[in-house]
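Chains, contacts and geometry: an overview
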Amino acid sequence: AQLNRLGGQAIGLCGMDGQLFQAVALDEKYGLVGSITGVNPEPVENALMTGYIPVVSTVAQGMDADTAYNINADTAAAKLAEALHAEKLILLTDVRGLLRDPMECCVDAIAGGVERVHILDGRIPHSILIELLSDQGIGTMLQKED
């Protein structure tokens, strides 16, 4: 709703819409938390082709049971970026970039074909613009080696 109020044309998608995300149980001890086994990017591609900004909730269709699974949002974003053959994945966080080990989903996205992953502190005004349009940047960038 906020994107629409700001002049965008947003549409909400659930990870179960069009089987956008498919998953199996991660581990019984976590309850209904899943691990993504497949991504169908078509619902997102259709939204983008018609001028909408897709806002995706990270719920997945259970492939091992008749249920829905909650999915880690960073992991879902990385898997979706891979399926869309995205050049960049930008993760907005509430920390000042990556200080030590890279997040697993970022490494997986790079391994899956995403050229660059940016981890930015979303609390900093205009952090995306500063990162993408300045030489110095403001966050952490991982990129595929040549």
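Up top is the structure.
Below: a short report on this structure. In this text, all values refer to a predicted model and were calculated from it rather than measured experimentally.

Considering the sheet that holds strand β3 (residues 34-39)
- Taken in spatial order, the four strands make up an open sheet running β3-β2-β5-β6, and their pairing is mixed. For this open sheet the edge positions go to β3 and β6 (68-70), each flanked by a neighbour on one side alone. Averaged over all adjacent pairs, the angle separating strand axes in this sheet is 45 degrees, with direction ignored.
- Relative to β6, strand β5 (residues 59-62) runs antiparallel, the two sharing three bridges. Note on β6: the bridge partner recorded for Val59 is Asn70.
- In this fold helix α3 (residues 73-83) packs onto β2 (21-25) and β3, with an angle of close to 10 degrees to the strand it touches most, β3.

As for a nonpolar patch on the surface
- Judged by side-chain polarity, Leu92, Ile128, Leu129, Leu132 and Leu133 come together as a nonpolar surface patch covering roughly 470 Å² of accessible area.
- The element best represented in the nonpolar patch is helix α5 (residues 127-133), accounting for four residues.
- Within the secondary structure, Ile128 sits in helix α5.
- Looking at Ile128, the relative accessible area reads 34%, which means it is partly exposed.

Let's talk about the pattern of salt bridges
- Under the definition given, this model contains one salt bridge.
- The residue Arg123 makes a salt bridge to Asp121 at a minimum N-O spacing of 2.8 Å.
- Accessibility expressed as a relative area gives 6% for Asp121, which makes it buried.

Definitions and cut-offs
Residues numbered from 1 in each chain as written. Predicted model: local features only at pLDDT ≥ 70, side-chain atom pairs only at ≥ 80, totals over all residues. Heavy atoms only, no water. Pairing = 2+ DSSP bridges. Helix = DSSP H or I, 4+ residues; strand = E, 2+ residues; numbered from the N terminus. Axes fitted to C-alpha atoms, helices over the stretch in contact; angles between N-to-C directions. Contact = heavy atoms within 4.5 Å. Patch = residues over 30% accessible without salt bridge, like charges linked within 9 Å, V, L, I, M, F, W, Y side chains within 5 Å. Areas by Shrake-Rupley, 256 points an atom, 1.4 Å probe, with all protein chains shown as cover. Salt bridge = Lys/Arg side-chain N within 4 Å of Asp/Glu carboxyl O. Buried < 20%, exposed > 50% of the residue type's maximum accessible area, 1.4 Å probe, protein only.

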